[in-house]
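A structural walkthrough
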Amino acid sequence: MTSIHIKQALPNDLTILQNLGRETFYETFAPYNSEEQIQQYLTESFAAEKLTRELNHPDSLFFIVWEQEDPIGYLKVNSGKAQTELQDETSLEIERIYVKSSHHGRKVGQLLYDKALETAVELRKKYLWLGVWKENHRAVRFYKKNGFKEFDKHVFRLGNEKQTDLMMKKMLD
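Residues numbered from 1 in each chain as written. Predicted model: local features only at pLDDT ≥ 70, side-chain atom pairs only at ≥ 80, totals over all residues. Heavy atoms only, no water.

So, the packing of aromatic side chains
Under the counting rule described, the total for this entry stands at 13 aromatic pairs. Seen from their ring centres, F25 and F29 are 4.6 Å apart, and the 45° between their planes marks the pair as tilted. Of this pair, F25 and F29 both sit in helix α1 (residues 14–29), separated by four residues, roughly a single helical turn. Of the two residues, F25 and F29, neither departs from the other in class, the shared state being buried. (Phe/Tyr/Trp six-rings, centres within 6.5 Å; stacked < 30°, edge-to-face > 60°. Helix = DSSP H or I, 4+ residues; strand = E, 2+ residues; numbered from the N terminus. Buried < 20%, exposed > 50% of the residue type's maximum accessible area, 1.4 Å probe, protein only.)

Below is the structure:
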C-alpha cells in the first residue's frame, strides 16, 4: 500500500499548487464548459501573483495531499476576511477541495475534508461553509454525505459564463 499524507503548503509550493490547480480544475470542468472559458479561468485563477497573495494571506491555508512524492490533490480553506462571501468570524470556508481524477474513489477527498474539519475545530469555528456548482453531482453528494445542508445559491463566473453554485454549510458541535 502506498503512503498518503497531507502537508500544509508553503509559498515555495507555488508551482506545485499552480499545476495541481490547473490539472484538477480542467479535469473536473472541461467536459461541461468551452475550452476558451476554461483557459481564461485557469490563466486568471492560477496566475503566480494571485496564488502567491493567497498563499501569503494570514486567513487562508492550503494543504497538499501526497502519495509518496506525488501531489494528488489539495485543499484551500479561508477564515475572516479571506472568505469569498460570508466573512463571518465564526465560520471557515472550504474554497477548494480538488483531487486528480486518477485518485477519485480512493477516499482522498475525504482526507482533505477531514483536514478542513480538523482545522475548523482547531480554530474554534461554529460552522463550515462552501459553494459547489449545482451540476457537480458527485461533489454535492459528497458534501451531503458529510452533513452539509443547502442554505442559499450564488453566481460563479467562469470566464463570461454565469453558473449557479449551491451554498452549503455544516454546523459544528
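Side note on the sheet that holds strand β2 (residues 60–67)
Read across the open sheet, the seven strands follow the order β1-β2-β3-β4-β5-β7-β6; overall the sheet is mixed. In the strand order of this sheet, the two ends are held by β1 (4–8) and β6 (149–158), each with one partner. Between one strand axis and the next, the sheet turns by 25° as a mean value, whatever way the strands run. Across six bridges, strand β3 (residues 70–78) lies against strand β4 (residues 91–99) in antiparallel orientation. By the bridge assignment, V77 is partnered in β4 with I94. Across the sheet, helix α4 (residues 108–122) touches β1, β2, β3, β4, β5 (127–133) and β7 (161–171), and the angle it forms with β4 is around 160°. Packing of helix α5 (residues 137–145) onto the sheet brings it into contact with β4, β5 and β7, and relative to β5 it is tilted by some 165°. (Pairing = 2+ DSSP bridges. Axes fitted to C-alpha atoms, helices over the stretch in contact; angles between N-to-C directions. Contact = heavy atoms within 4.5 Å.)

Examining unusual backbone geometry
Phi angles above zero are rare outside glycine, and Q87 is one such case at about 50°. Locating Q87 in the fold gives a position in the loop between β3 and β4. Look at R124: it is not a glycine, yet its phi comes out positive at around 55°. Relative to the helices and strands, R124 is located in the loop between α4 and β5.

So far we have only geometry, and geometry alone does not tell us how the molecule works.
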